[in-house]
2 protein chains.
Amino acid sequence: MGLTKSFHFDEEQNQLASFAKAFAHPARIAILQQIIKNKTCIVGNLTDILPLSQSTISQHLKELKNIGIIKGEIEGPSICYCIHQQNWHRAKKMLTKLFSEIDRNCC
Amino acid sequence: MGLTKSFHFDEEQNQLASFAKAFAHPARIAILQQIIKNKTCIVGNLTDILPLSQSTISQHLKELKNIGIIKGEIEGPSICYCIHQQNWHRAKKMLTKLFSEIDRNCC
DNA sequence: TTCGTTTATCGTAATATTGCAATAACACAA
DNA sequence: TTGTGTTATTGCAATATTACGATAAACGAA
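Residues numbered from 1 in each chain as written. Chains lettered and ligands numbered in written order. Predicted model: local features only at pLDDT ≥ 70, side-chain atom pairs only at ≥ 80, totals over all residues. Heavy atoms only, no water.

### Observations regarding the interface of chain A and chain B
Then, number 1: Listed as interface residues are 45 residues of chain A and, on the opposing side, 45 residues of chain B.
Then, number 2: Taking both partners together, chain A and chain B bury about 4300 Å²; carbon and sulfur atoms supply 71% of that area.
Then, number 3: Seen at the junction of chain A and chain B, the total is zero salt bridges.
Then, number 4: Here chain A is connected to chain B by six residue pairs in polar contact (both at pLDDT 80 or more).
Then, number 5: The set of elements that each furnish at least two residues to the side of chain A that touches chain B consists of α1 (11-22), α2 (26-37), β1 (70-75), β2 (78-83) and α5 (85-100) of chain A.
Then, number 6: Here the side of chain A that touches chain B is composed, by residue class, of 27 nonpolar, nine polar and nine charged. (Contact = heavy atoms within 4.5 Å. Buried area = accessible area lost by both parts, 1.4 Å probe. Salt bridge = Lys/Arg side-chain N within 4 Å of Asp/Glu carboxyl O. Polar contact = N/O pair within 3.5 Å; in protein donor to acceptor, adjacent residues only side chain to side chain. Helix = DSSP H or I, 4+ residues; strand = E, 2+ residues; numbered from the N terminus. Nonpolar A, V, L, I, M, F, W, Y, C, P; charged D, E, K, R; others polar.)

Following this line, the structure appears as structure tokens:
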């Protein structure tokens, strides 16, 4: 059926899965790394750097924005995309929590 | 075309995306949480806990195993699934690195 | 060997994701 | 207003993911 049964899971599990989806594609990793690195954060150069078409990149940006991990503001003729600090921190916190829940396993 | 152009991205970006995929579904989050929590780690009870069929759960386990975030060993009539400590740590390290690469953003 | 329990795989169906070309929309400058 | 440079959206096609029922496979016990 292809439809994730998200309503069966709790808020935290769904939120964490959503955040993880932001990182679940190499192009989005590359985009995020670039946004972080590029302090000027004009996104036009992404089309020069990434091996993807402008429309595909735009789509990934849209997804990252929907997830809430980045935000965009109009800046002259282009758009300034940057990390959504609050949600970035939230994602970090939630993932760190999951990672540290383990102490020792049975095997 | 639906085919991720992974060959265009570097090893680290692909590996990170792959690890993130493990966490990109609430059911897999739930499974991982359960495995961590259940020190006995017999997986049979997952069908009682999760609102998914046995075959679907098995598929998610297979995916987690393929990604390398868990590993399974035969234990009597059932299977003992546990966190793959080394890769778990690797994923943690890689994600932590990405998260801490940010200091201040332009907006 | 046969039965019961447990996990894996197969077949199928529906939705989601990825990607690109073409086009639209927007902002600024002339 | 008209062009120019930029990002967004649309339309399409192909692959991936999610899910389940049915069935197979594996194991221990009887």
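### Brief notes about the environment of B:Glu63
Then, number 1: Mapped onto the elements of the fold, B:Glu63 is located in helix α4 (residues 54-67).
Then, number 2: Put simply, B:Glu63 and B:His89 are 26 residues apart on the chain and 18 Å apart in space, counted from C-alpha to C-alpha.

### Comments concerning the environment of B:Leu52
Then, number 1: With respect to the element layout, B:Leu52 can be found in the loop between α3 (46-49) and α4.
Then, number 2: Taking the relative accessible area as the measure of exposure, B:Leu52 reaches 15% and is therefore buried.
Then, number 3: A C-alpha to C-alpha distance of 13 Å links B:Leu52 and B:His25, two positions 27 residues apart in sequence.
Then, number 4: Setting aside residues no more than four positions away along its own chain, B:Leu52 makes contact with A:Lys5, A:Phe9, B:Ala27, B:Ile57 and B:His60. (Buried < 20%, exposed > 50% of the residue type's maximum accessible area, 1.4 Å probe, protein only.)

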